[in-house]
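Residues per chain are reported as follows:
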Amino acid sequence: MTHQTIKNITQLANYLRCNITFLENAINKEYNVIDSKEDNGSSTDFLTGDNDEIYIDKFYIKKKGKIGGFRGVHSISDHQLESTLKILNNYLSTIFSAEDCVHGFIKGRSTKTNAEPHLAKNILLSLDIKNYFESISVNKISESLTTLGFQKNIAENIANLVTINGHLVQGFCTSPTIANIVTDSFDKEMVELCGESVVYTRYADDLSLSSDKDVPKINVFEDLMSKHGFELNKKKTNKVKRGHYQFVTGLTVFDDKIPRIPKKIKRNIKLEVYYISKLGYKKHAIRRLKNSNVKYNYKSSEFQYTISDEIIKTQHRLFGWIHYIMSVEPIFGKKMYDILIKSKREYITPEMYMKYYNL
């Protein structure tokens with residue numbers, strides 16, 4: 001069975017390898033979202049409520065950058081829904097091919113490949129789509145899936161399955177792929193608008209345009225966004241000439257050979273790895289805690305738990321950064337990794353952490 005031959009919900013359930021009753025419920029009913037901000041006791045309603053309810057947890061993570069704020073992320077509690085969306089996402093990734101200018105959530109592409117076309121350009125223009133996922137509605141999804149070859153009724157069913165309150169959300173594995181599908185027509189027009197003299201790439205909601213001459217005026221791109229139902233985030237609009245700090249998806253592009261990790265980040269990583277290699281994880285954790293704004297009772301037994309927490313967080317953060325750095329600047333990343341690996345005498349694994357807390 002191909003996606004073009006699916007005609008009814010029974011065939012769609014077979015295609016997604018899920019229970020038809022579950023699928024009908026997921027398509028026709030709103031998901032029950034448990035918002036951590038509201039915390040009104042609804043998280044326990046499922047114990048006595050409708051057994052057909054599908055529960056989604058919503059929590060908030062702090063945004064990076066100067067603007068700050070928090071981003072709402074949805075986490076699926078229902079294993080059947082999670083499995084169904086994963087299968088759907090795999091199918092969609094197989095039948096949809098994004099334009100070469102798209103680098104976000106595409107196999108074999110990354111922030112590095114997104115930055116590479118903009119190396120050593122005279123002008124770099126950075127644009128951002130405001131509330132990207134939230135601006136992609138059920139109708140947009142349905143229309144785009146129909147264009148992709150799905151029957152209209154099936155496209156509508158899928159659109160209802162992958163949305164909450166009528167739009168895409170952060171946290172569903174299908175959201176990035178579907179966002180790329182919906183944005184495909186916009187990408188095609190952007191490439192045509194830029195022509196040969198302007199390089200255009202997109203990583204999710206981050207748009208980068210560069211040229212050795214100049215780029216079109218911002219209102220031209222703003223009008224094209226509006227045509228496709230998107231809104232320009234003017235707070236994140238930035239035009240930079242060569243010689244100033246030019247960044248594309250967090251990487252510097254001043255070099256004419258490869259994108260690079262910003263010097264400030266490398267300096268901070270190098271310094272922290274140095275402290276750990278000399279002091280060990282425990283003393284480094286205590287040092288960080290004492291330098292924080294939080295007041296601790298350093299002699300209490302609870303502070304020992306806090307130290308263990310800080311060591312675990314430090315390990316996850318540093319190894320996460322170093323693995324990313326290795327994908328961009330492998331020589332520097334490998335050097336930091338080798339130094340950190342040698343500092344094992346106070347390295348606390350998750351298993352040790354569980355034992356420490358008697359879990």
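Residues numbered from 1 in each chain as written. Predicted model: local features only at pLDDT ≥ 70, side-chain atom pairs only at ≥ 80, totals over all residues. Heavy atoms only, no water.

Draft legend 1. Representation of the packing of aromatic side chains within the structure. Scanning the entire structure with this criterion turns up ten aromatic pairs. Measuring from ring centre to ring centre gives 6.2 Å for Tyr-31 and Phe-172, while their planes differ by 70°; the resulting arrangement is edge-to-face. With Tyr-31 in the loop between α2 (20-28) and β1 (32-35) and Phe-172 in the loop between α6 (152-161) and α7 (174-194), this pair connects stretches of sequence that are 141 residues apart. This pair shows no difference in class: Tyr-31 is buried, exactly as Phe-172 is. Taken together, the ring pairs in this structure connect Tyr-132, Phe-133, Phe-186 and Phe-230 into an aromatic cluster. Positioned over the ring face of Phe-230 is Lys-140, at 4.5 Å from the centre of the ring. A cation over an aromatic ring shows up here: Lys-266 above the ring of Phe-332, its NZ or CZ 5.7 Å from the ring centre. (Phe/Tyr/Trp six-rings, centres within 6.5 Å; stacked < 30°, edge-to-face > 60°. Helix = DSSP H or I, 4+ residues; strand = E, 2+ residues; numbered from the N terminus. Buried < 20%, exposed > 50% of the residue type's maximum accessible area, 1.4 Å probe, protein only. Lys NZ or Arg CZ within 6 Å of the ring centre and 35° of its normal.)

Draft legend 2. Broad picture of the sheet that holds β1. With respect to topology, three strands assemble into an open sheet ordered β1-β2-β3, the strand pairing being mixed. Looking at the sheet topology across the chains shown, the edges are occupied by β1 and β3 (70-76). On average, adjacent strands in this sheet sit at an angle of 30° to one another, irrespective of strand direction. In the sheet, β1 pairs with strand β2 (residues 55-62) via four bridges, with the strands oriented parallel. (Pairing = 2+ DSSP bridges. Axes fitted to C-alpha atoms, helices over the stretch in contact; angles between N-to-C directions.)

Draft legend 3. Inspection of the side chain of His-3 at higher detail. In this structure, His-3 sits in the segment before α1 (9-16). A polar atom in the side chain of His-3 sits 3.1 Å from the backbone oxygen of Leu-148. Residue contacts for His-3: discarding those within four places in its chain leaves Tyr-15, Ile-95, Leu-148, Gly-149 and Phe-150. (Polar contact = N/O pair within 3.5 Å; in protein donor to acceptor, adjacent residues only side chain to side chain. Contact = heavy atoms within 4.5 Å.)

Draft legend 4. Examining the pattern of salt bridges more closely. Taken as a whole, this structure holds 15 salt bridges when the rule is applied. Salt-bridge contacts for Glu-272 lead to Arg-288; the nearest nitrogen and oxygen are separated by 3.5 Å. Taken as a pair, Glu-272 in helix α9 (residues 263-279) and Arg-288 in helix α10 (residues 281-291) lie far apart in primary sequence, 16 residues in all. Assessed through its relative accessible area of 33%, Arg-288 is described here as partly exposed. Close ionic contact of Arg-288 with Glu-310 constitutes a salt bridge, the shortest N to O distance being 3.0 Å. Here Glu-310 lies in helix α11 (residues 301-328) and Arg-288 lies in helix α10, a separation of 22 residues in the sequence. Because the salt bridges share partners, they merge into one network encompassing Asp-255, Arg-260, Lys-266 and Glu-329. (Salt bridge = Lys/Arg side-chain N within 4 Å of Asp/Glu carboxyl O.)

Draft legend 5. Representation of unusual backbone geometry within the structure. Of note in the backbone geometry, Arg-17 takes a positive phi value of approximately 55° without being a glycine. Along the chain, Arg-17 falls in the loop between α1 and α2. Positioned with a positive phi, Asn-131 is a non-glycine residue whose angle comes to about 45°. Among the structural elements, Asn-131 can be located in the loop between β4 (123-128) and α5 (138-148).

Draft legend 6. Up close: α5. Within α5, burial applies to Val-138, Lys-140, Ile-141, Ser-142, Ser-144, Leu-145 and Leu-148. Contact partners of the buried residues in α5: α3 (79-95), α6 and α7. Immediately downstream of α5, the backbone of Gly-149 shows phi near 120°, a positive value.

Draft legend 7. Structural view of the pairing of β4. Judged by how many residues are buried, β4 sits mostly within the fold: six of six residues are covered. Residues Ile-123, Leu-125 and Leu-127 line one face of β4 and the alternating positions Leu-124, Ser-126 and Asp-128 line the opposite face, and both faces are buried. Note that β4 and strand β6 (residues 206-211) share six bridges and pair antiparallel. Looking at the pairing, Ile-123 lines up with Ser-211 of β6. When β4 meets strand β7 (residues 238-241), the two strands line up antiparallel, connected through four bridges. Bridge pairing in β7 links Ile-123 to Lys-241.

Draft legend 8. View of the environment of Thr-174. When you line up the elements, Thr-174 lands in helix α7. Classification of Thr-174 by relative accessible area gives buried; the value is 0%. For the pair formed by Thr-174 and Val-138, sequence separation is 36 residues and the distance between their alpha carbons is 13 Å. Apart from residues no more than four positions distant in its own chain, Thr-174 is found in contact with Leu-85, Leu-88, Asn-89 and Val-162.

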